[in-house]
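Structure at a glance
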Amino acid sequence: MARKPRGLPDKREGLIHAEQAMIERVTAVYRCWGFEGLDTGAVEFADALGKFLPDDDRPNAGVFALQDDDEQWLSLRYDLTAPLARFAAENWQTLPKPFRRYAAGPVWRNEKPGPGRFREFLQCDADTVGAGGAHVDAEMIAMAAEAMRAAGAGDGEFTVRVNTRRLLNAVLEGIGATGETARLTILRALDKLDKFGPSGVADLLGAGRMDASGDFTKGAGLSIDGVKRVLAFAEAGRATRGETLEALGTVVGTGEEASAGLAELDAITRALEAFGAPETDIVFDPSIVRGLDYYTGPVFEAVLLKQTVDDQGGVVQIGSVGGGGRYDDLVARFTGEKVPATGFSVGISRLAAAFAMAGTIGALNGPVVVLNMDRDDPSEALRLATELRNAGIRAEAYMGSSGMRPQMKYADRRGAPAVVMAGSDELAKGVVTIKDLKVGAAKAAAISSNQEYREARPGQFEAPRADLVARVRAIVEAEDE
RNA sequence: GCCGCCUUAGCUCAGUUGGUUAGAGCGCUAGUUUGUGGAACUAGAGGUCCUUGGUUCGAUCCCAAGAGGCGGUACCA
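In this section: the overall build of chain A. Helix and strand counts for chain A come out as 17 helices and 20 strands. For chain A, the spread of C-alpha atoms along the principal axes amounts to about 95 × 55 × 50 Å. Taken over 481 residues, chain A has a buried fraction of 46%. By sequence separation, contacts in chain A at least 24 residues apart represent 69% of the contacts at least 6 residues apart. Summed over its atoms, the accessible surface of chain A is roughly 24200 Å², and 49% of this surface lies on carbon and sulfur atoms. Across chain A, the 56 positively charged side chains and the 70 negatively charged ones have centroids separated by 4 Å.

Given below as structure tokens:
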């Protein structure tokens, strides 16, 4: 049976093109900000990828893993950050420091896929390794907003939301949540503010929450007062960065970690202003948590606000299309030496999927198709196609064995801007017949009877054989505008 | 992982109270038109009725298990 594992998408021309174009525009932004390219292999030793080592029971939980000849565990990379940490650790001596690189390529996660969620997808990252300080994070944040715009998100279609782990820690400390299990449960609940709203999050912080299928999720078991304080923090986001900072000041308390967190956001604000980052693109959002493990300071997330609808007409919440943050301990795992680092990643596949659902990915033009008018001897079609290609026009001679009508349908389905015909009639007259398919389709819309349609031959004309290239080029160039 | 729903043609779905050749619409391939995309008409191709086991004289239909799909939830480094 021909069947495809889900989450591993087949991509046709239009999507391939959209993703590649997006990668080119995003990496152009990264290069402009001074980052250099780095490619690493798709597979790493499993232990280089972090704590998610394959175990004997479930070697493929989360990551795709396999054993080498010598029985070492290898894994397909699940992001581009862990391989960077491995590379930086291995080559630290010889690298310019701080090391600033970008990378683009596929990553794999063995998780349940859904709309906009894949098991193989493209990411486009930029990271600065070996530099601490809020201005370095602010650079990532400002560049992230620019990258989102380069990727095709317009005014009001996205925001970059920023938070810091320090404030989260301060709040947890403030309500006396010291146990690791409780901390994780609270952070996970916070992260779902977007999804479930304040009352859903309150349930998760308290006793627990029942989902639509009747399944129950146990909550963090906080007191009423604890729930109130955590929610007050999560909902402290305001329209501007300054207002949010002010609101946060009243809910995070006066502890050391709280002050450090506020100072961090304040420093980021000042740097963002220096970078000229638009206030509308970047907000502080205390409910942003991100993944739980390797981030140590500021965390940020790019969210697509643009409304997307699937082919059944249902609204799809795409949500996060990029993320990043500071990870000061990742390189230390290899070298033992603490190396500060921060980075950002655009989820190219998810963004492209969102744009495809929003209908912003247009169909590409196909090649000019030269019809084969002589089943016994296709030479003339081959010659004409060659002549067009030599002139730099994308063209092919029809390679099938069908008659005229299927050949026209073929050209139509390929999105050909034009077809060229040269049968015995044309050869005798020293001409070629050229049909502009787009013009033809437009004219045909006004014709109802088939007989009239056939006689009118809309969009079609004869040209001297010598004018072939010039006449076809005019049609192709008109299409490209 | 857990919960719920689902699985018959490429797609959307009928249908058989368990009976011999399983249907429609759309799509596809072609013809009507030496040699013209859409429309119309005509013809054709395409199915282990998800799989395996059970019950039965007989299963696409009943029972069980499994796989796959969709949605929710958990996890998401």
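Not every one of the 51 residues close to RNA strand B is listed here, only the nearest: R188, D412, N450, R454 and Q460. Of all RNA strand B atoms lying within 4 Å of any protein atom, the proportion belonging to sugar or phosphate reaches 47%. Residue K195 places a side-chain N or O atom 3.4 Å away from a phosphate oxygen belonging to RNA strand B. Here S402 contributes a side-chain N or O atom positioned 2.6 Å from a phosphate oxygen of RNA strand B. For the surface near RNA strand B, the per-class residue count stands at 17 nonpolar, twelve polar and 22 charged.

A word on a positive patch on the surface. A cluster of basic side chains, namely R405, K409, R413, R454 and R457, defines a positive patch on the protein surface. Counting residues per element, the positive patch draws most heavily on helix α13 (residues 404-413), at three residues. If you trace the backbone, R454 turns up in helix α16 (residues 450-456).

Here we take up the pairing of strand β5 (residues 99-108). Moving residue by residue along a regular strand, the side chains alternate between the two faces of the sheet. Burial within β5 is extensive, with seven of its ten residues counted as buried. Taken together, the two bridges between strand β1 (residues 36-37) and β5 define a ladder with parallel strand orientation. Considered in β5, the bridge of E36 is made with R101.

Now for the side chain of E19. Note on placement: E19 falls in helix α1 (residues 13-32). Polar side-chain contacts of E19 include one of 2.9 Å to the side chain of K11. Here E19 is in contact with K11, L122, I348, S349 and A352, once residues within four sequence places are set aside.

This part covers the domain arrangement of chain A. Domain assignment breaks chain A into domain 1 (1-42 + 77-153 + 305-364), domain 2 (158-288) and domain 3 (368-480). Computed from C-alpha atoms alone, the centre-to-centre distance between domain 1 and domain 3 is 43 Å.

With that settled, the discussion passes to the environment of S320. Take S320: it is sitting in strand β14 (residues 319-326). With 104 residues separating them in the primary sequence, S320 and S424 have C-alpha atoms 60 Å apart. Discounting chain neighbours no more than four positions away, the residues touching S320 are R290, E301, A302, V303 and R350. A distance of 3.4 Å separates the side chain of S320 from the backbone oxygen of G322, its partner in a polar contact.

This paragraph deals with helix α6 (residues 193-205). For α6, built from 13 residues, the straight-helix expectation of 18 Å at 1.5 Å per residue is missed by more than 12%, its first-to-last C-alpha distance being only 11 Å. The sharpest bend along α6 measures roughly 80° and falls at S199. All buried positions along α6 are accounted for by L193, G197, G200, V201, L204 and L205. In this structure, the buried residues of α6 make contact with α5 (180-190), β8 (208-210), β9 (216-218) and α7 (224-234).

This brings us to the sheet that holds strand β4 (residues 73-76). The strand order across the open sheet built from three strands is β2-β4-β3, with neighbouring strands paired in antiparallel fashion. The two strands at the open ends of the sheet, each matched to only one other strand, are β2 (43-45) and β3 (65-67). Pairs of neighbouring strands in the sheet enclose a mean axial angle of 35°, with direction left out of account. The sheet contact formed by β3 and β4 spans three bridges and is antiparallel. Within β4, the position partnered with Q67 by the bridge is W73.

This paragraph deals with the pattern of salt bridges. Throughout the structure, instances matching the rule amount to 24 salt bridges. The partner of E111 in a salt bridge is R117, with the nearest N and O atoms 3.4 Å apart. Looking at E111, the relative accessible area reads 38%, which means it is partly exposed. We classify R117 as partly exposed; its relative accessible area is 40%. A salt bridge links D328 to R326, with the nearest nitrogen and oxygen atoms 2.9 Å apart. Each member of the pair, D328 together with R326, is buried. Where salt bridges share partners, they join E380, R383, E387 and R465 into one cluster.

Let us look at the packing of helix α4 (residues 165-174) against α5. Two elements in contact, α4 and α5, have axes whose closest approach is 11 Å; the angle formed by their N-to-C orientations is 125°. Relative to α5, α4 is oriented oblique. Of the two elements, α4 crosses α5, and the hand of that crossing is right-handed. Facing L168, N169 and L172 of α4, the residues of α5 in contact are R183, I186, L187 and L190. For the contact of α4 with α5, a count of residues per class yields five nonpolar, one polar and one charged.

Another point: unusual backbone geometry. Cis geometry is adopted by the peptide bond preceding P98, which originates at K97 and carries an omega value of 0°. In the Ramachandran plot, R457 falls in the positive-phi region, its phi being about 45° despite a non-glycine side chain. Tracing the chain through its elements places R457 in the loop between α16 and β20 (460-464).

Looking now at the nonpolar core. In terms of nonpolar packing, the biggest core is built from 74 residues, with Y30, V160, V346 and L351 touching the most fellow members. The element contributing the most residues to this core is helix α3 (residues 134-151), with twelve residues. Setting aside anything within four residues of it in sequence, one finds V160 in contact with I141, A144, A145, D281, I282, V283, F300, E301 and A302. If you look at the next biggest cluster of nonpolar residues, it comprises 20 residues, including V420, A422, A463 and L468.

Cut-offs and rules
- Residues numbered from 1 in each chain as written.
- Chains lettered and ligands numbered in written order.
- Predicted model: local features only at pLDDT ≥ 70, side-chain atom pairs only at ≥ 80, totals over all residues.
- Heavy atoms only, no water.
- Helix = DSSP H or I, 4+ residues; strand = E, 2+ residues; numbered from the N terminus.
- Buried < 20%, exposed > 50% of the residue type's maximum accessible area, 1.4 Å probe, protein only.
- Contact = heavy atoms within 4.5 Å.
- Areas by Shrake-Rupley, 256 points an atom, 1.4 Å probe, with all protein chains shown as cover.
- Lys, Arg positive; Asp, Glu negative; His and termini not counted.
- Charge placed at Lys NZ, Arg CZ, Asp CG, Glu CD.
- Near = heavy atom within 4 Å.
- Polar contact = N/O pair within 3.5 Å; in protein donor to acceptor, adjacent residues only side chain to side chain.
- Nonpolar A, V, L, I, M, F, W, Y, C, P; charged D, E, K, R; others polar.
- Patch = residues over 30% accessible without salt bridge, like charges linked within 9 Å, V, L, I, M, F, W, Y side chains within 5 Å.
- Salt bridge = Lys/Arg side-chain N within 4 Å of Asp/Glu carboxyl O.
- Pairing = 2+ DSSP bridges.
- Domains from an automatic or database assignment.
- Expected span 1.5 Å × (residues − 1).
- Bend = angle between axes of the 7 residues up to and from the residue.
- Axes fitted to C-alpha atoms, helices over the stretch in contact; angles between N-to-C directions.
- Parallel < 35°, antiparallel > 145°, perpendicular 65-115°, else oblique.
- Left-handed = near helix turned anticlockwise from the far one by under 90°.
- Core = buried A, V, L, I, M, F, W, Y, C linked by side-chain atoms within 4.5 Å.

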